[in-house]
Amino acid sequence: MRAQEKRAGEAVTDHLAGLDRAPDAQSLAQVIGTALGATGCAFTIVGERYQWGHGAEKWLIQPVEHDGEEQALLAVAPESAGPVDTLAAVLGPPLAAMRLAAETDRLRRDGDAAARELVDDRWRTTVEMEQERRGLERDLHDGAQHHLVALKMAMALVEHTGATPERLASLESKLDAAEKALTDTAAGILPIPLSTDGLAGALAAELAAHSDVTLDTAGFHRRYPPLVESTVYFACLEAVNNAHKHAPGASTSVVVRDTASGLEFVVSDDGPGFDLTARNSGLPNLSARMATVGGTIDVRSAPGRGTTITGFVPR
């Protein structure tokens, strides 16, 4: 047995001397197993097993140390292959090098993974911040602007018909409402009626002050997730704002209803309309808002035939 171990040690030395690169654990196991006349030989280095051949029911396990520290485990099959402690001493330096290389590679992989995770986290944070910014921008545009448009219309009325205590009081009330809408939007606070009464109640409360706008929610009977309801709420307000800006004096109707496949709203006016090919008909802000909940926007208009905006959110 000792003679075989000596031959194995010499074979290892010759093998290492003939290499012009770092030793390979798999080929080293083959050299040792062949020299010992074993059926299998394996190394376990930093939790990784490198095996040549096959094992019997039991393996002979021998720790390999170098500088007083265990570098690897040497396993030889069958167990009756005999003692390999002297061979283990010869294997100390090359296995120490293999262990160092394996640990370095593992640290490099861990470092690469950590770097990728850091980049991913930064990217996700950047994307989330941009989404929050765009969401706030849309809420200001669709919600607070609604109050500002109403305020502007009231001021125009006062300018042309004269200021009375009643009209000044109305202006002050609209200014307070616009200020509150701006403050709440900046703080990320949804309108209270939207939280308590749902979409139908919030639209009723918001559009009640507009005599030129009618609301029909008779076909709307169920609640939807808060994000869906807030998205449709602000989309309806923007569509009404667009009607006020581009079709002043026109009558506007808002219809919200359940369908077999989702939630639908229609905002239409009997204003002058416009040529879809000559103007941006995509309403990018509305489309972007609806896209956040998987919804769509369809715009139909023609000169002299009013405008109809239809939004849909699938169930």
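Scroll up to find the structure this text is about.
What this report covers is the structure whose coordinates are included nearby. The structure displayed is predicted, hence computed values, not measured ones.

### Considering the nonpolar core
Next up, step 1: Grouped together as the largest cluster of nonpolar side chains are 31 residues, with contacts concentrated most on Leu199, Val232, Tyr233, Val254, Val256, Leu263 and Phe265.
Next up, step 2: Sorting elements by how many residues they give to this core places helix α7 (residues 226-246) first, with nine residues.
Next up, step 3: Discounting chain neighbours no more than four positions away, the residues touching Val254 are Leu207, Val213, Thr214, Leu215, Asp216, Cys236, Val240, Val266 and Val267.

### Comments concerning the packing of aromatic side chains
For any pair of aromatic rings, the description consists of the separation of the ring centres together with the inter-plane angle of the planes.
Next up, step 1: In the structure shown here, the tally under the stated rule is two aromatic pairs.
Next up, step 2: Between Phe220 and Tyr224, the aromatic rings sit 5.9 Å apart at their centres with planes inclined by 15 degrees, giving stacked as the arrangement.
Next up, step 3: Taking the relative accessible area as the measure of exposure, Phe220 reaches 10% and is therefore buried.
Next up, step 4: When the ring of Tyr233 is compared with that of Phe234, the centres are 5.2 Å apart and the planes differ by 75 degrees; the resulting orientation is edge-to-face. Neither Tyr233 nor Phe234 differs from the other in exposure class; each is buried.
Next up, step 5: Looking at Arg49, its charged tip hangs above the ring of Trp59, at a distance of 4.9 Å from the centre.
Next up, step 6: The positively charged end of Arg222 is found above the aromatic ring belonging to Tyr224, 4.5 Å away from the centroid.

### What to know about the side chain of Gln71
Next up, step 1: Mapping Gln71 onto the fold places it in strand β4 (residues 69-77).
Next up, step 2: By relative accessible area, which is 9% here, Gln71 ends up buried.
Next up, step 3: Within the structure, Gln71 has its side chain in polar contact with the backbone oxygen of Glu69 (distance 3.0 Å).
Next up, step 4: Setting aside residues up to four positions removed in sequence, Gln71 forms contacts with Ile45, Val64, Glu65, His66, Gly92, Leu95, Ala96 and Arg99.

### What to know about the sheet that holds β4
Next up, step 1: Strand order in this open sheet of four strands is β2-β1-β4-β3, and the pairing throughout is antiparallel. Edge strands, defined here as strands with exactly one partner in the open sheet, are β2 (48-53) and β3 (60-66). Neighbour-to-neighbour, the strand axes of the sheet open up by a mean angle of 20 degrees, direction not taken into account.
Next up, step 2: Alignment of β3 against β4, held across seven bridges, turns out to be antiparallel. Considered in β4, the bridge of Ile61 is made with Ala75.

### A word on helix α6 (residues 198-207)
Count 3.6 residues to each turn of an α-helix, and residues three or four apart come out pointing the same way.
Next up, step 1: Restricting attention to buried positions, one finds in α6 the residues Gly198, Leu199, Ala202, Leu203, Glu206 and Leu207. Angular distribution of buried residues about the axis of α6 spans 165 degrees; they occupy a single face of the element.

### A few points about helix α8 (residues 284-291)
Next up, step 1: Those residues of α8 lying buried are Leu286, Arg289 and Met290. Each buried residue of α8 sits inside an arc of 95 degrees when the element is viewed along its axis, so together they form one side. In this structure, α8 carries Pro284 and Ala291 as exposed residues pointing more than 90 degrees from its buried face.

### With respect to the sheet that holds strand β5 (residues 213-216)
Next up, step 1: The strand order β5-β6-β7-β9-β8 describes an open sheet built from five strands, whose pairing is mixed. Strands at the two margins of the open sheet, each flanked by one partner only, are β5 and β8 (296-301). Looking at each pair of strands side by side, their axes are set apart by 10 degrees on average, direction ignored.
Next up, step 2: Of the pairings in the sheet, the one linking β8 to strand β9 (residues 307-314) comprises six bridges and is antiparallel in character. Bridging across to β9, Asp298 finds its partner in Thr310.

### A look at the environment of Thr252
Next up, step 1: Locating Thr252 in the fold gives a position in strand β6 (residues 252-258).
Next up, step 2: For Thr252, a relative accessible area of 3% corresponds to the buried category.
Next up, step 3: Placed 13 residues apart in sequence, Thr252 and Ala239 show a C-alpha to C-alpha distance of 9.7 Å.
Next up, step 4: With near-sequence residues (within four places) excluded, Thr252 lies in contact with Asp212, Val213, Thr214, Ala243, Val267, Ser268 and Asp269.

The rules behind these values
- Position labels on residues start from 1 in each chain and follow its written sequence.
- Since the coordinates come from a predicted model, pLDDT governs what is reported: local features require at least 70, and pairs of side-chain atoms require 80 or more to be given and counted, while whole-chain, interface and lining totals use all residues.
- Side-chain measures were taken over the full set of non-hydrogen atoms in the model, leaving aside hydrogen atoms and water.
- Residue types Ala, Val, Leu, Ile, Met, Phe, Trp, Tyr and Cys, when buried and joined through side-chain atoms within 4.5 Å, form a set referred to as a nonpolar core.
- Each residue is placed in one exposure class: buried if its accessible area under a 1.4 Å probe, protein chains only, is under 20% of its type's maximum, exposed if it is over 50%, and partly exposed if it falls in between.
- We count a stretch as a helix when DSSP gives it H or I for four or more residues in a row; a strand needs E for two or more, and each element gets its number in order from the N terminus.
- Whether two residues are in contact is decided by their heavy atoms, any of which lying within 4.5 Å being enough.
- Pairs were defined over the aromatic rings of Phe, Tyr and Trp, the Trp ring being its six-membered one, requiring ring centres within 6.5 Å. Orientation was assigned from the angle between planes: stacked under 30 degrees, edge-to-face over 60, tilted for the rest.
- As a reminder, the over-ring test applies to NZ of lysine and CZ of arginine, requiring each to be within 6 Å of the ring centre and within 35 degrees of the ring normal.
- Two N or O atoms count as a polar contact when they lie within 3.5 Å, although within protein this holds only if one can serve as hydrogen donor and the other as acceptor, and sequence-adjacent residues are included solely when both atoms are side-chain atoms.
- Only strands joined by at least two bridges in the DSSP assignment are considered to pair.
- Throughout, an axis means a line fitted to C-alpha atoms (over the contacting stretch in the case of helices), and angles, computed between N-to-C directions, take values from 0 to 180 degrees.
- The arc refers to the directions leading from the helix axis to the C-beta atoms.

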